[in-house]
Amino acid sequence: MRVDPDVHPTVGNAADGTTLTSAPQDTAVDHATAAARRVVDALLRTDRSNANLQRVAEELNNIAEHLEEHAPEVAERLVDMWHGEGVTRHDPVTGPENALAPPLVLSGRDDGSVEGVVSLNFPYQGPPGHVHGGVSALLLDHTLGVANAWAGRSGATAQLNVRYHRPTPLFEPLTISGRLLAQDGRKINTVGDIRTADGTVCVSVEALFVDKTVPRPR
């Protein structure tokens with residue numbers, strides 16, 4: 001499926017360095033989500049014998065109850081999440097409104113690639129001091145989807161061939177990149193990798209996407 005260039009910027013009609021995902025904004029929901037990320041990280045860092053943890057649990061439950069009281073029905077929320085045809089703000093990789101997301105901000109380059117830099121902390125840990133392999137695959141899968149859109153195509157992930165070259169460190173800037181490599185009818189082949197600041201490849205991926213998408217809720 002071709003991406004509508006009037007809605008989504010593509011390498012043919014947008015400047016080098018164009019931001020392709022929704023960067024955090026100075027809004028209440030973005031501030032609240034950033035605070036939630038901080039809480040998750042702080043819970044992993046804090047002393048397990050912290051005498052105030054029960055009070056923390058009570059306060060967090062009160063906050064959750066308040067948010068749930070103001071939550072619409074799931075079907076209504078889905079429509080709101082997927083309103084319009086542009087970039088969403090809730091996905092678990094780049095979504096500034098999703099506390100699970102780092103969030104990663106991706107930009108398009110003149111050579112057809114997309115890339116972003118992110119540092120991951122304790123919530124994303126797998127091996128000691130390093131990123132969980134499943135998190136690496138998640139970051140790359142999403143980045144390749146954005147790379148497809150930057151190239152003017154869109155499709156669903158059919159296959160990810162992920163190669164782990166070496167452990168990916170936490171607490172260091174990581175460059176996540178991807179590019180559409182080839183197209184054959186409805187098949188889209190895309191590649192990408194995760195590198196450390198000195199250019200060392202930690203994870204690489206070759207992926208197959210199929211020109212088919214799930215319709216947005218209306």
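Our subject is the structure listed above.
On a predicted model such as this, the values are computed, not experimentally measured, just so you know.

Looking now at the environment of Lys212. One can find Lys212 in the segment after strand 7 (201-210). Sequence separation between Lys212 and Thr21 is 191 residues; the distance between their C-alpha atoms is 21 Å.

So, about the packing of aromatic side chains. Scanning all chains against the criterion turns up 1 aromatic pair. Seen in terms of ring centroids, Phe122 and Phe171 are 5.2 Å apart; in terms of plane orientation they differ by 85 degrees. Their pairing is edge-to-face. On the criterion of sequence distance, the pair formed by Phe122 in the loop between strand 3 (113-118) and helix 4 (133-150) and Phe171 in the loop between strand 4 (156-164) and strand 5 (174-184) is long-range, its members being 49 residues apart. Under the relative-accessibility criterion, Phe122 is labelled partly exposed at 27%.

Secondary-structure assignment places Thr190 in strand 6 (residues 187-196). Exposure remark for Thr190: the relative accessible area of 1% places this residue in the buried category. A distance of 2.7 Å separates polar atoms of two side chains, one belonging to Thr190 and the other to Asn148. If near-sequence neighbours (up to four positions away) are discounted, Thr190 is found in contact with Leu144, Ala147, Asn148, Arg179, Leu180, Leu181, Val205, Glu206, Ala207 and Phe209.

Calculation criteria
Residues numbered from 1 in each chain as written. Predicted model: local features only at pLDDT ≥ 70, side-chain atom pairs only at ≥ 80, totals over all residues. Heavy atoms only, no water. Helix = DSSP H or I, 4+ residues; strand = E, 2+ residues; numbered from the N terminus. Phe/Tyr/Trp six-rings, centres within 6.5 Å; stacked < 30°, edge-to-face > 60°. Buried < 20%, exposed > 50% of the residue type's maximum accessible area, 1.4 Å probe, protein only. Polar contact = N/O pair within 3.5 Å; in protein donor to acceptor, adjacent residues only side chain to side chain. Contact = heavy atoms within 4.5 Å.

That is the geometry; function is a separate question.
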